[in-house]
Amino acid sequence: MAQRRNSRAGKRRGGVLGALGFAALVLIVYLAEPLGLGSLLGGIFGGDVPVSAIAELPEEGLAVSYIDVGQGDATLIVCNGEAMLIDAGVPEEGQTVVDYLTASGVDSLVYAAVTHAHDDHCGGMDDVVDAFPIGTLFAPYTEFDSSGAFTYFEDAAAERGLYITVPTIGSTFTLGGATVSFVGPVGDWGDDLNDSSLIIRVDYGSRSFLFPGDASDGTIADCAYIGGYDLDCDVLKLGHHGSSTSTDEEILDLTTPEIAVASCGLDNSYGHPHDEVVDLLAVRGIKLLRTDLDGTVTVWTDGEELSLYEAGEQAA
Ligand SMILES: [Zn+2]
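Residues numbered from 1 in each chain as written. Predicted model: local features only at pLDDT ≥ 70, side-chain atom pairs only at ≥ 80, totals over all residues.

J.: Which parts of the structure should I look at to understand the overall build of the protein?
T.: If you tally the helices and strands in the protein, you get ten helices and 16 strands. A buried classification covers 51% of the 316 residues belonging to the protein. Counting only contacts in the protein whose residues sit at least 6 apart along the sequence, the fraction spanning at least 24 positions is 69%. (Helix = DSSP H or I, 4+ residues; strand = E, 2+ residues; numbered from the N terminus. Buried ≥ 20, exposed ≤ 12 C-beta atoms within 10 Å, placed from the backbone. Contact = placed C-beta atoms within 7 Å.)

J.: How should I be thinking about unusual backbone geometry in this particular structure?
T.: Cis geometry is found at the peptide bond from Gly184 to Pro185, where omega equals 5 degrees. Cis geometry is adopted by the peptide bond preceding Pro273, which originates at His272 and carries an omega value of -5 degrees. In this structure, Asp267 takes a positive phi of about 55 degrees despite not being glycine. Locating Asp267 in the fold gives a position in the loop between β13 (259-262) and α9 (275-283). Asp267 sits in the exposed class, given 9 other C-beta atoms within 10 Å.

J.: Mind showing me how you'd approach the sheet that holds strand β14 (residues 287-290) here?
T.: Where strands meet in a sheet, backbone hydrogen bonds hold them as pairs that are either parallel or antiparallel. Ordered in space as β8-β9-β10-β11-β12-β13-β14, the seven strands form an open sheet in which the pairing is mixed. The strands lining the two open edges of the sheet, one partner per strand, are β8 (172-175) and β14. Averaged over all neighbouring strand pairs, the angle between strand axes comes to 20 degrees, with direction disregarded. Where strand β12 (residues 235-237) meets β13, three bridges bridge the pair, whose relative direction is parallel. The residue bridging Lys237 from the neighbouring strand is Val261, located in β13. (Pairing = 2+ DSSP bridges. Axes fitted to C-alpha atoms, helices over the stretch in contact; angles between N-to-C directions.)

J.: Just checking my understanding: could you explain the pairing of strand β6 (residues 134-138) for this structure?
T.: Two faces belong to every sheet, and in a regular strand the side chains alternate between them. Sheet topology note: the strand β5 (residues 109-113)/β6 ladder contains four bridges and is parallel. Within the sheet, the bridge partner assigned to Ala113 lies in β6 and is Phe138. Direction of pairing for β6 relative to strand β7 (residues 164-165): parallel, over a ladder of two bridges. Bridging across to β7, Leu137 finds its partner in Ile164. Each parallel crossover has a hand, and the one from β6 via helix α6 (residues 149-159) to β7 is right-handed. (Right-handed = clockwise from strand over helix to strand, strands pointing away.)

J.: Teacher, can you tell me more about α6 here?
T.: Each α-helix turn comprises 3.6 residues. Residues three or four places apart therefore point the same way. Taken together, the buried positions of α6 are Ala149, Phe150, Tyr152, Phe153, Glu154 and Ala157. Looking one or two residues beyond α6, the residue adopting positive phi is Gly161, at roughly 75 degrees.

J.: Whenever I open this one, the nonpolar core confuses me. Can you help?
T.: Across soluble globular proteins, you tend to see nonpolar side chains buried next to one another. Counting 82 residues, the largest nonpolar core has Met84 and Ala112 as its most contacted members. Not counting chain neighbours up to four residues away, the residues in contact with Ala112 comprise Met84, Leu85, Met125, Val128, Ile134 and Leu137. (Core = buried A, V, L, I, M, F, W, Y, C linked by C-beta atoms within 7 Å.)

J.: It is not clear to me how helix α3 (residues 94-103) should be interpreted in this structure. Could you clarify?
T.: Within α3, eight of the ten residues are buried, which leaves the element mostly enclosed by the surrounding structure. Every buried residue of α3 is accounted for by Gly94, Gln95, Thr96, Val97, Val98, Asp99, Tyr100 and Leu101. Backbone geometry just after α3 places Gly105 at a positive phi near 85 degrees.

None of the figures reported here should be taken as evidence of function without further support.
Below, the structure written as structure tokens:
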């Protein structure tokens, strides 16, 4: 417990710095607009998707923010004022996620999901559970035999009187005007914890987003081949931070995204996103966004058009 308290103190310091960084970038973005730098930011992303250099998102539509939490995942989904969080980064980034949600105007979560028990996904979720009322808490299991981050998450949930719900694969839920579907995993995950990842699809109007956690390519493909679920999407969060173990030709054939997002840390020791994946995306003309280089990125849609927003911290 002492180790955890030390860890939490570190989180709070990071949170203050994170908030300052957020405020600074909001100011930069605010100043950039009248100076006509919006098109410059658009140039950074390139391609067809327009970039709007504003800090605040429209209240309508669906906004998906891939939060820069270093080497880890944390994704905020807001639709018509209702919010869902998928993962919350490593323990040290929990306060970053809390701060980002607060700065985004989120004061409660209809759903929060932990994709699997690795600490770069569930590590910060105890802070989120402490900070916000949550309607339903999803995870692939209700307990995990370790003394690590999932246990802290379990404890935080229990302290708040929250039950962990294991979703039925194939079940759907509404988030504002969006539909959230659990499409995997469809088989036994064996001894690879990454393959226990909940695989989540979000549809709004004609647009769709896929979140495969850290599942490997075979496990993702099985959602289509065994489960019969449609994996075709417009925005794909690359599995396992852009690892070649999660993305290959077959996965891109099944998903056909317009935009791919790698949620990874700057100069991470794993080499994520892997060069093979970056090359595959380039050959197909798929726009790659990287939290290590682009910071937090938000994709917004009205159900038809897609837009990009710069609304978070810059990692570089
Ligand atoms: Zn991971």
